[in-house]
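What follows is each chain in one-letter form.
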Amino acid sequence: MAGTTVKDVNPHVFVKAYAAYLKKTGKLDVPKWVDLVKTATFKELAPYDQDWYYIRAASIARHIYLRPNVGIGALRRKHGSSCNRGTRPSHHCDASGNILRKIVQGLEKMEILEKDNNGGRRITSKGRKSLDLIASQIVREE
């Protein structure tokens, strides 16, 4: 379908497909500590999925595609969750900034993202083309 964008596709299906694309290309640098790290301070265990780093990277790329000029702080809030504080009421806790920073730096190295003059990151034309290509493949398969 001509003119298909990321907005035209189911988000869950797109993130899975783009994560598979990132893993297949092998251009995204995955740190050695990925299998040991928790995704936030309030988590008790590391993620069970072996490909969680690629899925998080695809989610970040999609989020910045839809909302440009997003910084690490906004991504920390988006990927955060409620913190179990025992008998006290739950509160929102942010996700780990280091993981998100490394993912964003990896996507910048792949030239999918770039720093914006107004702060935060935005999608490059190469990145927009890459994401739209995956979206059009998903529409063709359906």
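Residues numbered from 1 in each chain as written. Predicted model: local features only at pLDDT ≥ 70, side-chain atom pairs only at ≥ 80, totals over all residues. Heavy atoms only, no water.

A. Inspection of the nonpolar core at higher detail. Of all hydrophobic cores here, the largest spans 34 residues; its most connected members are Phe14, Tyr18, Leu22, Leu107 and Ile112. Looking at this core, the elements that each hand over two or more residues are α1 (11-25), α2 (52-66), α3 (72-79), α4 (97-109) and α5 (125-141). No other element matches the nine residues that α2 contributes to this core. Ignoring any residue separated from it by four or fewer positions in sequence, one finds Leu107 in contact with Leu28, Ala57, Ile60, Ala61, Ile112 and Leu113. (Core = buried A, V, L, I, M, F, W, Y, C linked by side-chain atoms within 4.5 Å. Buried < 20%, exposed > 50% of the residue type's maximum accessible area, 1.4 Å probe, protein only. Helix = DSSP H or I, 4+ residues; strand = E, 2+ residues; numbered from the N terminus. Contact = heavy atoms within 4.5 Å.)

B. Just the pattern of salt bridges, in detail. Inspection of the entire model under this criterion finds six salt bridges. Lys23 is the partner of Asp51 in a salt bridge, and the nearest nitrogen-oxygen pair spans 2.8 Å. You can see Asp51 sitting in the loop between α1 and α2 and its partner Lys23 sitting in helix α1, a full 28 residues away along the chain. Note that Lys109 and Asp29 form a salt bridge whose closest N and O atoms lie 3.1 Å from each other. Note that Lys109 is positioned in helix α4 and Asp29 in the loop between α1 and α2, a separation of 80 residues in sequence. The exposure class assigned to Lys109 is exposed, which follows from its relative accessible area of 59%. For Asp29, a relative accessible area of 40% gives the class partly exposed. Ionic contacts of the salt-bridge type, sharing partners, join the residues Glu114, Asp116 and Arg122 into one network. (Salt bridge = Lys/Arg side-chain N within 4 Å of Asp/Glu carboxyl O.)

Spatial relationships are all this shows, so hold off on functional conclusions.
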